[in-house]
Amino acid sequence: MQPDDDTLRDIHRRMVRIRVFETEAGKLAEAGRIPGALHLYVGQEAVAAGIMAHLSADDWITSTHRGHGHLIAKGGAFDRMFAELFGRATGYCRGKGGSMHISNMELGMLGANGIVGAGPPIAVGAAFTAKYRKTDRVAVTFFGDGASNEGSFHEAANMAALYKLPALFVCENNGYGEYTAQANHQAIVDVADRAAGYGMPGVIVDGMDAVAVYEAAGAALERARAGEGPTLLECKTYRFFDHVGVRGMGLSYRTDAELEEWQKRDPIHMFEERLAELGVLSQEQAAEVHDGIMAEVQAGIEFAEQSPVPDVATLLDDVYA
Amino acid sequence: MQPDDDTLRDIHRRMVRIRVFETEAGKLAEAGRIPGALHLYVGQEAVAAGIMAHLSADDWITSTHRGHGHLIAKGGAFDRMFAELFGRATGYCRGKGGSMHISNMELGMLGANGIVGAGPPIAVGAAFTAKYRKTDRVAVTFFGDGASNEGSFHEAANMAALYKLPALFVCENNGYGEYTAQANHQAIVDVADRAAGYGMPGVIVDGMDAVAVYEAAGAALERARAGEGPTLLECKTYRFFDHVGVRGMGLSYRTDAELEEWQKRDPIHMFEERLAELGVLSQEQAAEVHDGIMAEVQAGIEFAEQSPVPDVATLLDDVYA
Amino acid sequence: MAEAVATRELTYVGAIAEAAHTVLAEQDTAFVAGEDVAGAGGVFGSYRGLLDAYGEERVIDTPISEEGIVGLAVGAAATGLRPIIDIMFMDFMGECMDEIANQMAKMRYMFGGSASLPITIVTMSGGGMNMAAQHSQSLEAWICHLPGLKVVAPATPHDAKGLIIAASRDDNPVFVVLNKLSLRNTGEVPEDSYEVPIGKARTVREGSDLTIVTYSRMVHEATTAAEALAEEGIDSEVIDLRSLQPMDTEAMVASVQKTHRAIVVHEAVRFGGLGGEIASQIQELAFDYLDAPVARIGAPFSPVPFAANLEQAWLPNAPKIVAAAKELLGSE
Amino acid sequence: MAEAVATRELTYVGAIAEAAHTVLAEQDTAFVAGEDVAGAGGVFGSYRGLLDAYGEERVIDTPISEEGIVGLAVGAAATGLRPIIDIMFMDFMGECMDEIANQMAKMRYMFGGSASLPITIVTMSGGGMNMAAQHSQSLEAWICHLPGLKVVAPATPHDAKGLIIAASRDDNPVFVVLNKLSLRNTGEVPEDSYEVPIGKARTVREGSDLTIVTYSRMVHEATTAAEALAEEGIDSEVIDLRSLQPMDTEAMVASVQKTHRAIVVHEAVRFGGLGGEIASQIQELAFDYLDAPVARIGAPFSPVPFAANLEQAWLPNAPKIVAAAKELLGSE
Ligand SMILES: Cc1ncc(C[n+]2csc(CCOP(=O)(O)OP(=O)(O)O)c2C)c(N)n1
Ligand SMILES: Cc1ncc(C[n+]2csc(CCOP(=O)(O)OP(=O)(O)O)c2C)c(N)n1
Ligand SMILES: [Mg+2]
Ligand SMILES: [Mg+2]
């Protein structure tokens, strides 16, 4: 399923929205203006954008601790997102969730998650609903290479394949779980090798190439919607920032050379070159997109900063329905 | 690694020891003379016998809820085993464990286990010790097809392969987890297909053929002892009794025809025919083996019945070291 | 006054099964999932006949994957269904505590109230069946400490049916902690659908000398103890909490204000058990009424032993309650 | 009198790291395993320098597999090693409660005493760092309710080092529940190896009007509260339990017999928290000495909120203790 020109522009827009939001969020975090732990998505934009271009708000996703990118690609509004990161009453979670629990049920985004590996079983539940109600909705679960070692991933993958649920398992393999390289957390190179053990196809794709992601996801989602069951899609990618924040704890667990190698394959730069070549989006047009988004990001930050903190009287609200 | 004649007789003996013990234990359970839940191993004897023939008391195993067979094959004494099943002070666990927790540290048997899937992570720990101490010991973990869907199996397999531990993962695939057929609990036919996802070899063997089990296990254990890491060995087998006890709950989750098909391939009958053909053990000699073991079983039962129940004063002993 | 309802004797397990049938009949979006709940009808018989009645789309055998099962419930509930999931033995919660504690209990709050999780979790607790340390526990203390969950623990067939139905209609995750040694107990159960309100205790027996606060199977031990005490002239009130979270603090406090003495009884290990919460609430709220410390009876500090004589020694029971009552009243 | 020892100021995290170094130096069979404990030295810095000092055979990065990690410890301990494992955040216990509760805690008993499990489990609890609902919990109530486990919760650098060393020498599984908001706190710590005995409370401050029983970070809040109360003429005794399982019942009871009033304080959610056990023990054993009910302070019944103002409102603290103390003394 090749993306048409509009789709290409749409994917580009989603990637840039993530990049600008995350870069600015990173600055705010480093400046101590956002509290708590921020896990930023910069470098991995092609994955969220390429996949979410196939989904509507009726489809569900589960995310990870690194969840802003997924929510933005799914349609998240900057103002309410920043408000949540700042812990304001106007945030998507009324300030109760923060970065690690950012979510929006109306957009079908079932939450970032502070627990590595907790998402896949929840996505299986959403896919179960899609099938139970005889809809053609799908549920996509994002998780990291590190998360693929949690038992929860295993149980969820097995159940999804067993019930032929309309689910897509997206492993964002960025080569590290925190500060531990993949070679030090699993004896395999391709997480997709795990798919056969559940009876589902395993597909590997260049996670820096949004078109490749889009096409592979399209095929898998078609299969899922047709009732043929889930797919494990492994996207080889890289995070450009540290595990937490931008510079993180300053540990030397990966080399500058490695980072630079990957940065040469920046998913947005590569994509923009391609779009320019194809005549779909000129460099000037791309710059305009960036500028427009930056303005929206700045407005979002302002909205957040001017929003009230939650009323302490709401402390015990929403524990129960 | 072909078994020599002594080894063949040894394997035979281990199988018959299991068969007779379990058959008599089953009768006692059905007669209400053994309390609690007994999960019997009849039908699967070739697996425990073929593998344990390679192990010494220095090697470790972890077992399952269906653990008597493993302990017997590892050298368990009938008297202390029956005493445990009866809840007597002379039992291997002083009556505190019963069938589901029967164990003997001196024999390297790290326990039957009431929690499906709990054994593999523990075996990884034992294999870790073997490697840490630079010994050539191994740790073997037995688990069922049903258990292969627990996250604990996944995490353990990944860790064992990652650290190249001297471990052997033995899946006793008897086609059912309780009353649920394999086709209703996983979308794969061969659990061995999961091995590749951890970076270890997956081997399938006829679990009714003790020689085949012996040979496959021999190769895997050699690999393990040589520091080349774990193997997943799937043994296709069948349990002749119900999930619990002999007749169990009387549910009709499998057909008589299926049972009979498998009984035609009774691991002990097939093995005895083979040994007779090979001139290693005549039918008369085999019968003598059975008789001798039956006498030992009866003596074990008598020992157990005459043993005292635990002194209530020991109730709080051994909670802490 | 309650209106007359048609009732008949039913076993505890029969009442559970009837509740499951009632819920699936009443709610299109309700389904039952768990290990061996469909083909086998549940290893305790809790779902007998359900598969035949409602089909495999709504009565679902799962793999042995407790974390997956709870996750399935969380995801299905968040997207509009009303799952009823079975965790065969409460002891297996260890395999799925993350999905219970960090997802199911917290999702609504973390999401600022935008998600609802109408989940019923059915599980079995308790010893006395020679099932040893990993199949006999009473671990309700773990889940009662988790904001976002409700927990009920019915003692009778009537309450089992009524609380399961109430749980299924509640828009929150509700644990229904059943007791496996009570499965064959019988009692009057209405034929129709009804709710036992979550959060309301039941006074099993009125009395003036002493209040015994308890729940689940220990209600019967407490009643037996009360009868024995009555013969010695000690008149005990027995309160069956039924609901552990929320807890009917008012009912227990009112009773103790009347009797001036209280014993809290549960089968769970005493140290760190829910009895500490109950006893603390009583002494906090009825301190001036107390003529003696609030006593607690629970199992001693060891895993559940296998041998029948040890297990019987381990379990709280009527004689232990009688002894504690007499000590409390200084009558021995 | 204790002999003079060479001490110097160390941070809480520095004391943890020093303990880890000490243990590996002293015990050949001890190793440290956990997520990012080796290359990164622990995400909190608890194991800084350990990999360089002891090599990758003894300082081991694991996959993100908590159940596997605890299982590794159980198997390694049962076969003769003395594992020290790290569960990064206590909140992640949900991923490994089965190996904790059903294997590690029970193996020795189930096996009739034939196995020993000398395991130290190091983990971080507590809020106050804007980490929200899944990274801020105090779940010690879960593990204190499990026969077979010991649990300690040091408040100071001195006790952190001494309790980790004591845990490592104990032949039982010992949880060391550390507090992440205390990492940069400083205190005097002996250079040498030493044990803080497991099961012994410490009287932080003597007083005559009121006993505050607490542990972990709340010790500092209690001390602050006691100072504020002292200015108003209320003289509080502060007891730091340090060890939660076993618990130094004697120390708390003796103190309450002297002061006649008690407040129990912990950061964990109040309902179902360990405070219920503590308060119950006090009223059971010192009933006749009590001039008022034993009060409990814990967090309110909600998950930990993210927003800083909400989180601060949620956390127990000195002002809340002061208010409770005054209420207890009827002085407001
Ligand atoms: C159950 C659990 N264990 C450990 C952690 C701590 N932790 C947070 S992120 C992370 C690494 C996750 O790695 P991966 O899945 O590859 O995702 P990435 O950060 O690379 O996007 C870890 C170990 C956690 N949050 N939850
Ligand atoms: C964690 C856990 N879940 C469920 C059970 C209940 N249970 C006991 S045995 C069993 C089936 C196990 O199937 P399998 O692993 O194939 O072993 P088999 O009984 O066939 O030997 C189940 C579900 C349990 N004991 N532990
Ligand atoms: Mg990663
Ligand atoms: Mg099986």
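Residues numbered from 1 in each chain as written. Chains lettered and ligands numbered in written order. Predicted model: local features only at pLDDT ≥ 70, side-chain atom pairs only at ≥ 80, totals over all residues. Heavy atoms only, no water.

J.: Hey, could you run me through the overall build of chain A in this one?
T.: When helices and strands are tallied, chain A shows 10 helices and seven strands. Expected size for 321 residues packed as a compact globule is a radius of gyration near 20 Å; at 19 Å, chain A falls within 12% of this value. Principal-axis analysis of the C-alpha atoms places the extent of chain A at approximately 55 × 50 × 40 Å. Scored against the burial criterion, the 321 residues of chain A give a buried share of 64%. For chain A, contacts bridging at least 24 residues in sequence account for 75% of all contacts bridging at least 6. For chain A, the computed accessible surface area is about 10600 Å², with 49% contributed by carbon and sulfur atoms. Here chain A contributes 28 positively and 45 negatively charged side chains, and the mean placements of these two sets differ by 5 Å. (Helix = DSSP H or I, 4+ residues; strand = E, 2+ residues; numbered from the N terminus. Rg over C-alpha atoms; globule rule 2.2 N^0.38 Å. Buried < 20%, exposed > 50% of the residue type's maximum accessible area, 1.4 Å probe, protein only. Contact = heavy atoms within 4.5 Å. Areas by Shrake-Rupley, 256 points an atom, 1.4 Å probe, with all protein chains shown as cover. Lys, Arg positive; Asp, Glu negative; His and termini not counted. Charge placed at Lys NZ, Arg CZ, Asp CG, Glu CD.)

J.: What is the right way to read the site of ligand 2 from this model?
T.: Taken together, 22 residues are adjacent to ligand 2, and His65(B), Arg66(B), Gly114(B), Asn174(B) and Glu66(C) come closest. Around ligand 2, the nearby residues trace back to chains B and C. Between an oxygen atom of ligand 2 and a side-chain N or O atom of His65(B), the distance comes to 2.7 Å. The backbone of Tyr176(B) places a nitrogen or oxygen atom 2.9 Å from an oxygen atom of ligand 2. Expressed as a share of its isolated accessible area of 580 Å², the protein-covered part of ligand 2 is 96%. (Near = heavy atom within 4 Å. Polar contact = N/O pair within 3.5 Å; in protein donor to acceptor, adjacent residues only side chain to side chain.)

J.: How should I be thinking about the coordination of the magnesium ion (ligand 4) in this particular structure?
T.: Four donors placed tetrahedrally around a metal ideally meet at 109.5 degrees, and six donors placed octahedrally ideally meet at 90 or 180 degrees. All names here are of chain B. On the protein side, the magnesium ion (ligand 4) has Asp145 (OD), Asn174 (OD1) and Tyr176 (O) as donor atoms, found 2.0 to 2.1 Å from it. Between the donor residues of the magnesium ion (ligand 4), the gaps in sequence give the motif D-x28-N-x1-Y. Each member of the pair Asn174 and Tyr176 is classed as buried. (Donors = N, O, S within 2.8 Å, 3.2 Å for Na, K, Ca; no water.)

J.: I'm lost on the packing of helix α5 (residues 119-132) of chain B against helix α6 (residues 151-162) of chain B in this one. Help?
T.: For any two helices packed against each other, the geometry comes down to the angle between their axes and how far apart the axes lie. Residue and element names in this part refer to chain B. Look at α5 against α6: their axes get within 7 Å of each other, and the N-to-C directions meet at 20 degrees. Here α5 lies roughly parallel to α6, going by the angle between them. Read as a crossing pair, α5 and α6 show a hand that is left-handed. Residues Pro120, Pro121 and Val124 of α5 pack against Ser152, Phe153, Ala156, Met159 and Ala160 of α6. Taken together, the residues that form the contact of α5 with α6 break down as seven nonpolar, one polar and no charged. (Axes fitted to C-alpha atoms, helices over the stretch in contact; angles between N-to-C directions. Parallel < 35°, antiparallel > 145°, perpendicular 65-115°, else oblique. Left-handed = near helix turned anticlockwise from the far one by under 90°. Nonpolar A, V, L, I, M, F, W, Y, C, P; charged D, E, K, R; others polar.)

J.: How should the domain arrangement of chain C be read in this particular structure?
T.: How big an interface is tends to be stated in terms of the accessible area lost upon association of its parts. Residues and elements named next belong to chain C. Looking at chain C, the domain boundaries give domain 1 (10-190) and domain 2 (202-330). Computed from C-alpha atoms alone, the centre-to-centre distance between domain 1 and domain 2 is 26 Å. Listed per partner, the contact involves 26 residues of domain 1 and 24 residues of domain 2. Note on domain 1 versus domain 2: buried area summed over both sides is about 2000 Å², and carbon and sulfur give 55% of it. It is Asn130, Cys144 and Ala153 that lose the most area in domain 1 upon contact with domain 2, and together they represent 23% of the buried surface on that side. Where Arg242 meets Asp159, a salt bridge forms, and the shortest distance between an N and an O atom there is 3.3 Å. Linking domain 1 with domain 2 are 12 residue pairs in polar contact (both at pLDDT 80 or more). Elements with a minimum of two residues in the side of domain 1 that touches domain 2: α6 (140-144), β6 (150-152) and α7 (157-169). Within the side of domain 1 that touches domain 2, the residues separate by chemical class into 13 nonpolar, 10 polar and three charged. (Domains from an automatic or database assignment. Buried area = accessible area lost by both parts, 1.4 Å probe. Salt bridge = Lys/Arg side-chain N within 4 Å of Asp/Glu carboxyl O.)

J.: What am I meant to see in the coordination of the magnesium ion (ligand 3) here?
T.: Residues and elements named next belong to chain A. Looking at the magnesium ion (ligand 3), the protein donor atoms are Asp145 (OD), Asn174 (OD1) and Tyr176 (O), and they sit 2.0 to 2.1 Å from it. One chain supplies every donor for the magnesium ion (ligand 3), spaced along it as D-x28-N-x1-Y. One end of the pair, Asp145, is in the loop between β2 (139-144) and α6 (151-162); the other, Asn174, is in the loop between β3 (167-173) and β4 (176-177), with 29 residues separating them in the sequence. You can call Asn174 buried: its relative accessible area is 5%.

J.: Looking at this structure, I do not really get the site of ligand 1. What am I missing?
T.: Lining the immediate surroundings of ligand 1 are 22 residues, of which His65(A), Arg66(A), Gly114(A), Asp145(A) and Glu66(D) lie closest. His65(A) places a side-chain nitrogen or oxygen 2.7 Å from an oxygen atom of ligand 1. Computed on the free molecule, ligand 1 has an accessible area of 580 Å², of which 97% lies beneath the protein chains in the complex. Split into classes, the residues belonging to the shell around ligand 1 amount to seven nonpolar, eight polar and seven charged.

J.: I would appreciate a short explanation of the pattern of salt bridges in the present structure.
T.: Side chains that carry opposite charge are capable of pairing whenever their charged atoms lie near each other. Tallied over the entire structure, the rule returns 72 salt bridges over all chains. Between Glu57(C) and Lys134(A) there is a salt bridge, and its shortest N-O distance comes to 2.9 Å. Here Lys134(A) lies in the loop between α5 (119-132) and β2 and Glu57(C) lies in the loop between α2 (50-54) and β3 (59-61), a pairing that spans two chains. Note on accessibility: Glu57(C) and Lys134(A) belong to one class, exposed. Between Glu305(B) and Arg33(B) there is a salt bridge, with its nearest N and O atoms 2.5 Å apart. A residue pair is termed long-range when its members are at least 10 positions apart, and Glu305(B) in helix α10 (residues 283-306) and Arg33(B) in the loop between α1 (5-30) and α2 (45-52) qualify at 272 residues. A relative accessible area of 36% means that Glu305(B) is categorised as partly exposed. A single salt-bridge network, built from bridges that share partners, covers Asp159(C), Arg202(C), Asp240(C) and Arg242(C).

J.: Which parts of the structure should I look at to understand the sheet that holds strand β1 (residues 60-62) of chain B?
T.: All names here are of chain B. With parallel pairing, the five strands of this open sheet are ordered in space as β1-β2-β3-β7-β6. The open sheet has two edge strands with one neighbour each: β1 and β6 (202-206). Averaged over all neighbouring strand pairs, the angle between strand axes comes to 20 degrees, with direction disregarded. Pairing between β1 and strand β2 (residues 139-144): three bridges, direction parallel. Within the sheet, the bridge partner assigned to Ile61 lies in β2 and is Val140. Against the sheet, α6 contacts β2, β3 (167-173) and β7 (231-236), and its axis sits at roughly 145 degrees relative to β3. Along the sheet, helix α7 (residues 210-225) makes contact with β2, β3, β6 and β7, crossing β6 at roughly 155 degrees. (Pairing = 2+ DSSP bridges.)

J.: Is there a simple way to think about unusual backbone geometry in this case?
T.: Negative phi values dominate among residues other than glycine, just as trans dominates among peptide bonds. Here the residue pair Gln245(C) and Pro246(C) is connected by a cis peptide bond, since its omega of 0 degrees sits within 30 degrees of zero. With a phi close to 55 degrees, Lys134(B) is a non-glycine residue in the positive phi region. For Asn130(C), which is not a glycine, the phi torsion comes out positive at approximately 60 degrees. With respect to the element layout, Asn130(C) can be found in the loop between β5 (120-125) and α6.

J.: Got a minute to help me understand the nonpolar core in this structure?
T.: In terms of nonpolar packing, the biggest core is built from 343 residues, with Phe82(A), Phe169(A), Phe169(B), Ile100(C) and Ile100(D) touching the most fellow members. Ranked by size, the runner-up nonpolar core spans 76 residues in total, among them Ile72(B), Leu168(B), Ala217(B) and Leu259(B). (Core = buried A, V, L, I, M, F, W, Y, C linked by side-chain atoms within 4.5 Å.)

J.: Any chance you could explain the sheet that holds β2(A) here in plain terms?
T.: Remark on secondary structure: sheet strands pair via backbone hydrogen bonds, oriented parallel or antiparallel. All names here are of chain A. The strand order β1-β2-β3-β7-β6 describes an open sheet built from five strands, whose pairing is parallel. Two strands close off the open sheet at either side, each with one partner strand: β1 (60-62) and β6 (202-206). When the angles between neighbouring strand axes are averaged without regard to direction, this sheet yields 20 degrees.

J.: Please clarify how the interface of chain D and chain C should be interpreted in this entry.
T.: With 53 residues of chain D at the contact, the number on the chain C side is 53 residues. Summed over both sides, the interface of chain D with chain C buries roughly 4600 Å², with 60% coming from carbon and sulfur. Counting the surface chain D buries against chain C, the share from its top three residues, Trp142(D), His145(D) and Phe271(D), is 17%. Joining chain D to chain C, the criterion identifies six salt bridges.

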